[in-house]
Amino acid sequence: MNLNMRVIVAHPNRQYCHQLLLALKEAEALERFFTLFSPNKIARWKPLLPPRLRQHLDKRAVDTSITPYIHHFPGRFLLHRLFDRSLTDAVKRGYEWFDGAVAQRLHRYTFDLIITYENSNRRTLRAARTLGKPTVLDLAQIHHNDIAEYGRAFMTPSEWRREVEEVNPRKEEALGYTDYVFTLSRFAAESMLRHGWPPERLFTIPLGVDSVRFRPKEAYCRQGPLRLLFVGTLTRRKGVALLLEAVRRLPPQATELTLIGPMSDAEDLLRRHSGHFRYLPFLHHDALAEQYRQADLFVFPSLLDSWAQTVLEAMACGTPVVVSQRTGAREAVEQGGGWVVPADDARALAEALSHCLDNRSELQAMGQRAARIAQQYSWEHYRRQVIAVIQQIAART
């Protein structure tokens, strides 16, 4: 499908925008992809790099068909990696620099629409507005005022002040230059509407899942401890403290908990609950998919997540899930793939896990339903939705 328009995408990292880029390339609509650094541009040198560095860079790679459209800033990226030790530093230095660099280059291109991402876009959006071009914020989270409200439960006082006093004003200014917002879930869309964003300028496009890699398990186990799995960054925001507390409320030896993901601010929690879990900091996708299939139940009690891709991955592997009300992917779970519990409530989470312990015969049927539901959320479907939404915007402008 040819969109008959030219679109610029600007993201300092990658996140899920590699699928948006692929959708635009398939529709012959991609003009340029600005990013801080892309390993696509140094493919010939990658075999010479240390394995751990190659693993890190692979997380930033996009489809090879996108390579000719990439403009990156490798020198600045190196400085960003060396000196930006926190998200605050990254936003204030690396992302702000990236934002300014993209803004200065926009006038060199012929384009009809620009898609940007939070914390790295206010100057870019302002420059696009000056050029008379429609602007899009592809929002990976919820409205920044709600982040501040919920953040009291998982941010330190200094983190919360920086969010409110430094980060949110930049986000508010960027929204002033934004014409349309893409959200990932009803949860995120409701947050935007609650803070006055016009519904006619809001589109919800849930993410997809790789159903080839994350395929359903062939057998279910009803014996032994209930095997619980959490996948995600080890941080208070994702409810790690709640999960560890809920497991401690269950009968001893009743469960086996595995935590998979990079360490963030939960190191002290893991020390405090030592002996109640197994921790794996990193797994490649195929090994991760096997962990999903081996688990009896995936648990994601996040205090705040606009979507949570790991929930769909677990469901696609035929593993039922327990999520919190503040997890955007709950809309898939609510179709029959598991259970939704109140956020920030260890007792409610423990009760849900206890129910699964007492009714293990339910898990197989629930997991099979979860796999069928996840099939609706393919990346192909996501890309079709993206193009359909951009067509609507094109028709309006």
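Refer to the structure printed above.
Residues numbered from 1 in each chain as written. Predicted model: local features only at pLDDT ≥ 70, side-chain atom pairs only at ≥ 80, totals over all residues. Heavy atoms only, no water.

(A) Structural context of the overall build of the protein. Of the regular secondary structure elements, the protein holds 16 helices and 13 strands. Taking 21 Å as the expected radius of gyration for a compact globule of 397 residues, we find that the protein reaches 21 Å, a close match to that expectation. In terms of its C-alpha atoms, the protein occupies a principal-axis envelope of roughly 65 × 50 × 45 Å. Looking at the protein as a whole, 56% of its 397 residues qualify as buried. Sequence separation of 24 or more characterises 68% of the internal contacts of the protein that already satisfy a separation of 6 or more. By element, 48% of the accessible surface of the protein is carried by carbon and sulfur atoms, the whole surface being about 17,600 Å². (Helix = DSSP H or I, 4+ residues; strand = E, 2+ residues; numbered from the N terminus. Rg over C-alpha atoms; globule rule 2.2 N^0.38 Å. Buried < 20%, exposed > 50% of the residue type's maximum accessible area, 1.4 Å probe, protein only. Contact = heavy atoms within 4.5 Å. Areas by Shrake-Rupley, 256 points an atom, 1.4 Å probe, with all protein chains shown as cover.)

(B) Up close: the packing of aromatic side chains. Counting across every chain of the model gives 12 aromatic pairs. Ring plane angle 10° and centroid distance 6.3 Å describe the contact between F298 and F300, whose orientation is recorded as stacked. Exposure class is identical for F298 and F300. Each is buried. An angle of 45° between the planes, with centres 5.9 Å apart, marks the rings of W307 and Y377 as tilted. Residue W307 is found in the loop between β11 (297-300) and α12 (309-316), and its partner Y377 is found in the loop between α15 (361-374) and α16 (379-396); the two are separated by 70 residues along the sequence. Using a relative accessible area of 2% as the deciding quantity, one classes W307 as buried. Linked through ring pairs, F214, F230, Y292, F298 and F300 together constitute an aromatic cluster. Geometry around F111 places K133 over its ring, the cationic atom sitting 5.6 Å from the centre. Directly above the aromatic system of W197 lies the positively charged group of R201, at a separation of 4.6 Å from the ring centroid. (Phe/Tyr/Trp six-rings, centres within 6.5 Å; stacked < 30°, edge-to-face > 60°. Lys NZ or Arg CZ within 6 Å of the ring centre and 35° of its normal.)

(C) A look at α12. In terms of burial, α12 is a largely internal element, 8 of the 8 residues being buried. G318 occupies a position one or two residues after α12 and carries a positive phi of about 80°.

(D) Layout of the nonpolar core. Core analysis: the largest hydrophobic core is formed by 103 residues, its most contacted members being V9, L24, I115, L297 and V311. With residues up to four places along the chain from it excluded, the contact list for V311 reads F298, F300, V321, V323, T327, A329 and V333. (Core = buried A, V, L, I, M, F, W, Y, C linked by side-chain atoms within 4.5 Å.)

(E) Structural view of the side chain of S324. Looking at the secondary structure, you find S324 in strand β12 (residues 321-324). By relative accessible area, S324 is classed as buried at 1%. Those residues in contact with S324 that lie beyond four places of it in its chain are F300, P301, S302, R330, V340, V341 and A343.

(F) Spatial organisation of the sheet that holds strand β2 (residues 30-35). Read across the open sheet, the 7 strands follow the order β3-β2-β1-β4-β5-β6-β7; overall the sheet is parallel. In this open sheet, the two edge strands, each paired with only one partner strand, are β3 (70-72) and β7 (202-204). Averaged over all pairs of adjacent strands, the angle between strand axes in this sheet comes to 20°, irrespective of strand direction. In this sheet, β3 lies alongside β2 in parallel orientation, the contact comprising 3 bridges. Paired with F33 across the two strands is I70, which belongs to β3. Of the strands in this sheet, β6 (180-183) and β7 are in contact with helix α8 (residues 186-194), which crosses β7 at around 165°. (Pairing = 2+ DSSP bridges. Axes fitted to C-alpha atoms, helices over the stretch in contact; angles between N-to-C directions.)

(G) The arrangement of the side chain of T124 in detail. Tracing the chain through its elements places T124 in helix α5 (residues 122-130). Take T124: its relative accessible area is 1%, and that puts it in the buried class. Engagement of the side chain of T124 in a polar contact is seen with the side chain of D99, the distance being 2.7 Å. (Polar contact = N/O pair within 3.5 Å; in protein donor to acceptor, adjacent residues only side chain to side chain.)

(H) Region of the structure containing helix α1 (residues 17-26). A large share of α1 lies buried, amounting to 8 of its 10 residues. Contact partners of the buried residues in α1: β1 (7-10), β2, β4 (113-116), β5 (135-138) and α16. Once α1 ends, the next one or two residues include E28, with phi positive near 55°.

(I) Broad picture of the pattern of salt bridges. As enumerated under the stated definition, the model contains 22 salt bridges in all. Taking the shortest distance from any N to any O, the salt bridge between D210 and R213 comes out at 3.8 Å. Shared partners join several salt bridges into a network, and the residues in it are E96, R122, R123, R126 and E173. (Salt bridge = Lys/Arg side-chain N within 4 Å of Asp/Glu carboxyl O.)

(J) Region of interest: the sheet that holds strand β8 (residues 226-231). If you walk across this open sheet you meet the 6 strands as β10-β9-β8-β11-β12-β13, and the pairing is parallel. The sheet is open, and its two edges are formed by β10 (278-280) and β13 (338-341), each paired on a single side. Across the sheet, the axes of successive neighbouring strands diverge by a mean angle of 20°, strand direction being ignored. As defined by bridge partners, β8 adjoins strand β9 (residues 255-260) across 6 bridges and the pair is classed as parallel. When the bridges of β9 are listed, L226 appears paired with T255.

(K) Region of interest: the packing of α1 against α16. The contact between α1 and α16 brings their axes to 9 Å, and the two run at 65°. For the pair α1 and α16, the crossing hand works out as right-handed. Residues Q19, L20, L22, A23, L24 and E26 of α1 form the contact with α16, whose participating residues are W379, Y382, R383, V386, I387 and I390. Looking at the contact of α1 with α16 residue by residue, the class counts come to 9 nonpolar, 1 polar and 2 charged. (Left-handed = near helix turned anticlockwise from the far one by under 90°. Nonpolar A, V, L, I, M, F, W, Y, C, P; charged D, E, K, R; others polar.)

Structural measurements only, silent on function.
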